[in-house]
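Understanding the architecture of this molecule
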Amino acid sequence: MEDCLFCKIVNKKVASDIVLEDDSIIIFKDINPKADVHLLIVLKKHIESVEHLVEEDKELISQMIFAAQKIARQIGVAKNGYKLQFNVGRDGGQIIDHIHLHLIANVK
Ligand code: AMP
Ligand code: ZN
């Protein structure tokens, strides 16, 4: 997807502050954090949104949630908790049309 910002980040054509990466997922800091911790868990595969998921994407979505759990533990927010949020479509607040999961936490 040539014009997709998150595809460009995945392909390292646009810089980002990466905190974790594996074969199917990249996690980087949100450029405009809305809390003390605000990470984006991004699938490397270009899928527009939750609304565009198909049955065969089951495993990838599962990996996103386990990646969130892993990074939350690594950065020390797992104990006190965090929010995971998918924005879906314009009315759902989605601006970037490449599926991503927000991990948000306010650290006390
Ligand atoms: P959404 O509204 O769910 O589509 O969220 C997109 C998020 O991407 C927003 O929270 C933006 O602040 C964030 N964002 C946009 N451009 C970048 C970028 N270049 N690097 C990191 N985060 C970004
Ligand atoms: Zn994309």
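Model, not experiment: these values are computed from the prediction.

Before going further, it helps to examine the overall build of the protein. Within the protein one finds two helices and five strands. The helix and strand sequence of the protein, counted from the amino end, reads α-β-β-β-α-β-β. For the protein, the C-alpha radius of gyration of 13 Å lies close to 13 Å, the compact-globule estimate for 108 residues. Along the first, second and third principal axes, the C-alpha atoms of the protein reach 40 × 30 × 30 Å. The buried share of the protein, taken over its 108 residues, is 38%. Once local pairs closer than 6 in sequence are excluded, the contacts in the protein between residues at least 24 apart make up 51%.

Turning next to the UniProt feature "domain: HIT" (unreviewed entry) in the protein. Per the UniProt annotation, the sites labelled "domain: HIT" (unreviewed entry) are residues 5-108. Secondary structure across residues 5-108 comprises 23% helix and 24% strand; the distance between its end C-alpha atoms is 32 Å.

Within the open sheet, the five strands sit side by side as β1-β2-β3-β5-β4. Their pairing is antiparallel. Edge positions in the open sheet fall to β1 (18-21) and β4 (83-85), since each of these has one partner strand only. Within this sheet the neighbouring strands show an average axis-to-axis angle of 20°, counted without direction. Two strands pair when backbone bridges link them, and β1 and strand β2 (residues 25-29) are joined in this way by three bridges, in the antiparallel orientation. Residue pairing for β2: Ile18 is matched across the bridge by Phe28. Sheet strands in contact with helix α2 (residues 58-75) are β1, β2, β3 (37-43), β4 and β5 (100-105), and its direction is about 150° off that of β3.

Our focus in this paragraph is the packing of aromatic side chains. Here the structure, examined in full by the defined rule, presents one aromatic pair. Geometrically, the ring pair formed by Phe6 and Phe28 is edge-to-face, given 5.4 Å between the ring centres and 85° between the ring planes. Here Phe28 lies in strand β2 and Phe6 lies in helix α1 (residues 5-10), a separation of 22 residues in the sequence. Accessibility assignment for this pair places Phe6 and Phe28 in one class, buried.

Basis of the calculations
Residues numbered from 1 in each chain as written. Chains lettered and ligands numbered in written order. Predicted model: local features only at pLDDT ≥ 70, side-chain atom pairs only at ≥ 80, totals over all residues. Heavy atoms only, no water. Helix = DSSP H or I, 4+ residues; strand = E, 2+ residues; numbered from the N terminus. Rg over C-alpha atoms; globule rule 2.2 N^0.38 Å. Buried < 20%, exposed > 50% of the residue type's maximum accessible area, 1.4 Å probe, protein only. Contact = heavy atoms within 4.5 Å. UniProt positions renumbered as here; feature names shortened; annotations may be inferred. Pairing = 2+ DSSP bridges. Axes fitted to C-alpha atoms, helices over the stretch in contact; angles between N-to-C directions. Phe/Tyr/Trp six-rings, centres within 6.5 Å; stacked < 30°, edge-to-face > 60°.

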